[in-house]
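Residue strings, one per chain:
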Amino acid sequence: MVLPFKHEPFTDFDNQKNKEEFESALKLVESELGKDYPLVINGERIYTEDKLVSINPNDKDQVVGKVSKATKEHVDQAMDAALEAFTTWRKMPAAARADVLFRAAAIVRRRKHEFSAWLVYDAGKPWNQADGDTAEGIDFLEYYGRQMLELASGKKLADRANEHNAYFYQPMGPGVVIPPWNFAFAIVCGTAVAPIVAGNPVLLKPSEHTPVIAYKLVEVLEEAGLPRGVLNFVPGDPAEIGDYLVDHKDTHFINFTGSRNTGLRIIERAAIVQEGQKHIKRVIAELGGKDTIIVDKEADLDLAADSIVNSAFGFSGQKCSACSRAVIHKDVYDEVLAKSIELTKKLTIGNPTNENVYMAAVSNQQQFNKIKNYIEIGKDEGELVYGGEVDDSKGYFITPTIFSNVDPDARIMQEEIFGPVVAFAKGNDFDELIEIANNTEYGLTGAVISNNREHLEKARYDFHVGNLYFNRGCTAAIVGYQPFGGFKMSGTDSKAGGPDYLQYFLEAKVVTEMY
Ligand SMILES: NC(=O)c1ccc[n+]([C@@H]2O[C@H](COP(=O)([O-])OP(=O)(O)OC[C@H]3O[C@@H](n4cnc5c(N)ncnc54)[C@H](O)[C@@H]3O)[C@@H](O)[C@H]2O)c1
Ligand SMILES: N[C@@H](CCC=O)C(=O)O
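None of the values given here were measured: they were computed from a predicted structure.

Caption draft 1: Quick look at the overall build of the chain. Secondary structure assignment for the chain yields 15 helices and 23 strands. Compactness check: the chain gives a C-alpha radius of gyration of 23 Å against a globular reference of 24 Å for 515 residues, within 12% of the reference. Expressed as lengths along the three principal axes of its C-alpha atoms, the size of the chain is roughly 70 × 60 × 50 Å. Residues classed as buried in the chain amount to 59% of the 515 residues present. Considering only residue pairs separated by 6 or more positions, the chain has 77% of its internal contacts joining residues 24 or more positions apart. Carbon and sulfur atoms provide 48% of the accessible area of the chain, an area that totals close to 20600 Å².

Shown next, in the form of structure tokens:
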């Protein structure tokens, strides 16, 4: 019997035993750094000369691993393998497909700290962020397995005399999974195993910044019994194989999570019918955010400051859900700003491979340069009241940064920075706070800190974001509790970790039989 879904608990690092176990996992992973990793096509390991070199963002000299790079020919081979695997995987009972996910969840759970330790090195995550990422991956495995069991019985239809109608779901065919680097285990895992458990073989192209932890997932799914050809691992240079994967005539869907610009490019290309293509491609595109926390006049101001600081600076603001705009009622603005600065001063910054710190380096040089540039832009657009220091001599370190008195239309209030930078703006009344919150092209997450029930009810319907939180921060959605996805330029609102997600990878079929 499958037990009801319950999310994976987080690790308490104040507990000495947990701390020591995590340190042992870090040592284990350190002893494995620098290895070569292959492509995996039809279960075969293929090593190429050309490699993606993953480095530790907190210590640029440390090589985490060297991962083989797929070419267009490898993509063709992987697609052939996926098409072949589809003939059997599509007919495998849903319960057997779900069992692969449940077993994979058990394997990862047994080696949880080891996976988190890889995230510390490969993605530069502080311990609690790495632990949350691994836990979310386990949740996706457990949740989507259960969702598939539910969908396997189809839906009930009405029958008439001498007529029986059946409504059931079938997989679509092979597809491509393209995740970002920021949830280098959870999003890779969730976006790959959802189409797989639905019966579709997959070509997985992980981010070029975090390919090693993605390979670890491939190993786990193989160990859990996934047949060869169902998950093909094709890391590579997106400039070389990105369009090719999307354009391929046999690609049935593209499950993409990443930036607005890449997502829109994929949507556009996927609409073009290629020679020999006999189906319409589906695109699931979960994109960026410019997420706001509103603080009302009647509110718990300590809660407000805590929510802003943790949502803005957790994992250095490198979450699509991160708070990059604090929009505050004029009567409480100064107090919330002062409290936020005080809390930010207490945040620890360092290398998470050495110690348990709150914030670490940002992911890569590109990110570092982009955030640094936005800090310069911010200096012209507002008042730098905290942070703003950058140092990439050893790792890509940027201090938590707060700008005050920023115009709602300023670039740092409008464009996704994806770093530890938050801009504060003022509003005269609650209507104006909502208006400012909605004035971006994004619509992913948002939060309202208020004790006024009428205002909360107004926000419920007028604050246009896919995930809205009252009296808490705007990050850290949990699978099965807060299905995740946004509106407007934030994406196709697929609600990852929610009850409708698997249907993006399924076709509904109706069979009518006359007796
Ligand atoms: N909405 C969500 O659920 C969600 C979750 C996590 C991250 N994000 C967003 O992701 C972004 C950060 O991630 P990123 O920097 O990896 O984004 P990105 O768009 O640069 O890259 C995402 C993925 O797309 C690949 N890619 C790049 N060009 C491609 C092309 N032409 N064709 C096919 N694939 C291509 C990359 O290699 C990577 O695997 C932020 O905007 C963030 O908000 C959104
Ligand atoms: N689901 C995550 C964000 C994913 C994007 O980076 C959260 O809710 O914080």
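There's more to say after this.
Caption draft 2: Examining the UniProt feature "active site" (unreviewed entry) in the chain more closely. With numbering aligned to this structure, UniProt lists the feature "active site" (unreviewed entry) at Glu-286 and Cys-320. Across 35 residues of sequence, these annotated residues stay compact in space, with a maximum C-alpha separation of 9.3 Å. Tracing the sequence through the fold places Glu-286 in strand E11 (residues 282–286). Since its relative accessible area comes to 10%, Glu-286 is described here as buried. Along the polypeptide, Cys-320 turns up in the loop between helix H10 (301–313) and strand E13 (323–329). Every residue in contact with Cys-320, bar those within four places of it in the chain, is listed here: Asn-182, Leu-287, Gly-289, Asp-291, Glu-416, Phe-418, Leu-444 and Phe-484.

Caption draft 3: Expanded view of the sheet that holds strand E20 (residues 445–449). Reading across the sheet, the seven strands line up as E14-E17-E18-E13-E12-E20-E21 and stay open at both edges, with mixed pairing between neighbours. If you trace the sheet from one side to the other, it starts and ends with strand E14 (383–386) and strand E21 (467–470), each paired once. Averaged over neighbouring strand pairs, the angle between their axes works out to 20° when direction is ignored. The pairing of strand E12 (residues 291–295) with E20 spans four bridges and is classified as parallel. Bridge pairing links Ile-294 to Val-448 in E20.

Caption draft 4: Structural detail: the domain arrangement of the chain. Domain assignment breaks the chain into domain 1 (23–287 + 494–514) and domain 2 (291–478). If you average the C-alpha positions of domain 1 and of domain 2, the two centres end up 31 Å apart. Each partner contributes to the interface: domain 1 provides 24 residues, whereas domain 2 provides 36 residues. Each partner contributes to the roughly 2400 Å² buried at the junction of domain 1 and domain 2, and carbon and sulfur atoms together form 54% of this total. Our enumeration of links across domain 1 and domain 2 arrives at two salt bridges. A salt bridge links Asp-59 to Lys-394; the nearest nitrogen and oxygen atoms lie 3.4 Å apart. Summed over the shared surface of domain 1 and domain 2, the result is 11 residue pairs in polar contact (both at pLDDT 80 or more). Breaking the side of domain 1 that touches domain 2 down by element, the ones donating at least two residues are strand E4 (51–56), strand E5 (59–68), helix H4 (112–122) and helix H5 (127–151). If you tally residues by element for the side of domain 1 that touches domain 2, the top one is H5, at four residues.

Caption draft 5: Just the site of ligand 1, in detail. The full set close to ligand 1 counts 29 residues, and Pro-179, Glu-208, Ser-259, Leu-287 and Glu-416 are the nearest of them. Measuring from an oxygen atom of ligand 1, one finds a backbone N or O atom of Pro-179 at 2.8 Å. Contact between ligand 1 and Glu-416: an oxygen atom at 2.6 Å from a side-chain N or O atom of the residue. Those elements that place two or more of their residues in the shell around ligand 1 are helix H8 (238–247), strand E10 (253–257) and helix H9 (260–270). When the residues that make up the shell around ligand 1 are grouped by side-chain class, the tally is 14 nonpolar, nine polar and six charged.

Caption draft 6: Examining the sheet that holds strand E1 (residues 35–37) more closely. Taken together, the three strands give an open sheet; going across it, the order is E1-E5-E4, and neighbouring strands pair in mixed fashion. In this open sheet, the two strands that pair with only one neighbour each are E1 and E4. Going across the sheet, the axis of each strand differs from the next one's by a mean of 35°, ignoring polarity. Seen against the sheet, H4 touches E1, E4 and E5 and runs at an angle of roughly 95° to E4.

The rules behind these values
Residues numbered from 1 in each chain as written. Chains lettered and ligands numbered in written order. Predicted model: local features only at pLDDT ≥ 70, side-chain atom pairs only at ≥ 80, totals over all residues. Heavy atoms only, no water. Helix = DSSP H or I, 4+ residues; strand = E, 2+ residues; numbered from the N terminus. Rg over C-alpha atoms; globule rule 2.2 N^0.38 Å. Buried < 20%, exposed > 50% of the residue type's maximum accessible area, 1.4 Å probe, protein only. Contact = heavy atoms within 4.5 Å. Areas by Shrake-Rupley, 256 points an atom, 1.4 Å probe, with all protein chains shown as cover. UniProt positions renumbered as here; feature names shortened; annotations may be inferred. Pairing = 2+ DSSP bridges. Axes fitted to C-alpha atoms, helices over the stretch in contact; angles between N-to-C directions. Domains from an automatic or database assignment. Buried area = accessible area lost by both parts, 1.4 Å probe. Salt bridge = Lys/Arg side-chain N within 4 Å of Asp/Glu carboxyl O. Polar contact = N/O pair within 3.5 Å; in protein donor to acceptor, adjacent residues only side chain to side chain. Near = heavy atom within 4 Å. Nonpolar A, V, L, I, M, F, W, Y, C, P; charged D, E, K, R; others polar.

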